Amino acid sequence: MRTAERIQQKQLIRTAEGYLDLIMAFDDCWPLDQQNRERLASQAIESLDKIKSPLGHKPYILFLKGQAARTCGRIQQAVNYLQQSAQLDPENIHTFLALGWCYKRIDRTDLAIEAMETAVQIDNESAIAHYNLACYWALAQQVKLAVLHLSNAFDLNPVYRDFVEHESDFDAIRNDPDFLASLDMIV
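All values derive from a computational prediction rather than experimental measurement.

What counts and how
- In this convention, every chain numbers its residues from 1, walking through the sequence in written order.
- With the structure being a predicted model, the display of local features is reserved for residues of pLDDT at least 70 and the display and counting of side-chain atom pairs for 80 or more, all residues being used for whole-chain, interface and lining totals.
- Side-chain calculation: all heavy atoms of the structure are included, whereas hydrogens and water are not.
- The axes used here are C-alpha line fits, helices contributing only the stretch in contact, and every angle between their N-to-C directions lies in the interval 0 to 180 degrees.
- Each helix is a run of H or I in the DSSP string that is no shorter than four residues. Each strand is a run of E no shorter than two, and both are numbered from the N terminus.
- Between 65 and 115 degrees an angle is taken as roughly perpendicular, under 35 as roughly parallel, over 145 as roughly antiparallel, and anywhere else as oblique.
- When the near helix sits turned anticlockwise from the far one by under a right angle, the crossing is termed left-handed; a clockwise turn instead gives a right-handed crossing.
- Contacts are assigned to residue pairs with any non-hydrogen atoms lying within 4.5 Å of each other.
- In the scheme used here, Gly and all other residues not listed as nonpolar or charged are polar, with Ala, Val, Leu, Ile, Met, Phe, Trp, Tyr, Cys and Pro taken as nonpolar and Asp, Glu, Lys and Arg as charged.
- A helix is expected to span 1.5 Å multiplied by its residue count minus one.
- Per-residue accessibility, obtained with a 1.4 Å probe over protein chains only, is compared with the maximum for each type, and a residue is labelled buried under 20%, exposed over 50%, and partly exposed between these values.
- Salt bridge, as used here, is a side-chain nitrogen of Lys or Arg placed within 4 Å of a carboxyl oxygen of Asp or Glu.

1. Re the packing of helix H1 (residues 3-24) against helix H3 (residues 58-71)
- The contact between H1 and H3 brings their axes to 10 Å, and the two run at 25 degrees. Here H1 is positioned roughly parallel relative to H3, judged by the angle of their axes. Note on packing geometry: the crossing formed by H1 with H3 is left-handed. For the pair formed by H1 and H3, the contact residues are Ile13, Glu17, Leu20, Ile23 and Met24 on the first element and Tyr60, Ile61, Leu64, Gln67, Ala68 and Thr71 on the second.
- Tallied by class, the residues present in the contact of H1 with H3 amount to eight nonpolar, two polar and one charged.

2. Quick word on helix H7 (residues 127-139)
- Counted at 1.5 Å a residue, the expected span for H7 with its 13 residues is 18 Å, and the 18 Å between its end C-alpha atoms agrees.
- In terms of residue burial, H7 counts as a mostly covered element, since 11 of its 13 residues are buried.
- Those residues of H7 that fall on the buried side of the exposure criterion are Ala127, Ala129, His130, Tyr131, Asn132, Leu133, Ala134, Cys135, Tyr136, Trp137 and Ala138.
- Remark: glutamine 141 follows H7 within two positions and exhibits a positive phi of approximately 60 degrees.

3. Quick look at the pattern of salt bridges
- A full pass over the atoms with the stated rule returns six salt bridges.
- Close ionic contact of glutamate 38 with arginine 74 constitutes a salt bridge, the shortest N to O distance being 3.6 Å. Of this pair, glutamate 38 sits in helix H2 (residues 34-49) while arginine 74 sits in the loop between H3 and helix H4 (75-88), and the two are 36 residues apart along the sequence.
- Its relative accessible area of 24% is what places arginine 74 among the partly exposed residues.

4. Observations regarding unusual backbone geometry
- You will see that aspartate 107, though not glycine, has its phi angle at about 60 degrees, which is positive.
- Mapping aspartate 107 onto the fold places it in the loop between helix H5 (93-105) and helix H6 (109-122).
- For aspartate 107, a relative accessible area of 68% gives the class exposed.
- Its identity as a non-glycine residue notwithstanding, glutamine 141 has a phi of 60 degrees, on the positive side.
- Here glutamine 141 is to be found in the loop between H7 and helix H8 (143-156).
- For glutamine 141, a relative accessible area of 53% puts it in the exposed group.

5. Some remarks on H8
- Between its first and last C-alpha atoms H8 spans 20 Å; for 14 residues at 1.5 Å apiece the expected length is 20 Å, and the two agree.
- Here H8 has its buried residues at Val143, Ala146, Val147, His149, Leu150, Ser151, Ala153 and Phe154.

6. With respect to the environment of aspartate 49
- Within the fold, aspartate 49 resides in helix H2.
- Residue classification places aspartate 49 among the partly exposed residues on the basis of a relative accessible area of 47%.
- Between the alpha carbons of aspartate 49 and isoleucine 13 there is a distance of 9.9 Å; along the sequence they are 36 residues apart.

7. Points about the environment of serine 47
- By secondary structure assignment, the location of serine 47 is in helix H2.
- In this structure, the C-alpha to C-alpha distance between serine 47 and glutamate 17, residues 30 residues apart in sequence, is 9.7 Å.
- In this view, serine 47 contacts Leu12, Thr15, Ala16 and Tyr19; residues no more than four positions away in its chain are not counted.

Next comes the structure, spelled out in structure tokens:
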């Protein structure tokens, strides 16, 4: 690949990353309306589609396309991109975190759990992977597994303790005596 092509490829990737940053940077405070989310996500995907021969960047390009589709609610399209990315780069924990997020939103808790178990296998020291896995096990009403991974998340990063009270994923088991007893022991 010529130097000019490599530079153009990097520019197109950075452009797509920029569009995603615009969508997500202030999402908690000032979320974009759906029309603008769609427009920016489509521009991110269009930028990435201009890359003729992605070579070693293909898994990352697919990941970015998945993130773009995810940010505007095109969940099945996001899943398709992210699955392709995961096949090409099965050690990228971020792809499995995104897949878990998507699967949860299409009511496939079983696949969300599978994605998070893969993430934990990739990086057993990832607090977010353990926390998300605890959430998905809670949705499946598997109290012991939820508590196990919640405990791991707390050990790895105590800030996750602050999230449990307001996390709706735990509502299914929140009043379970085993969950309450275990929570008292690990908190």
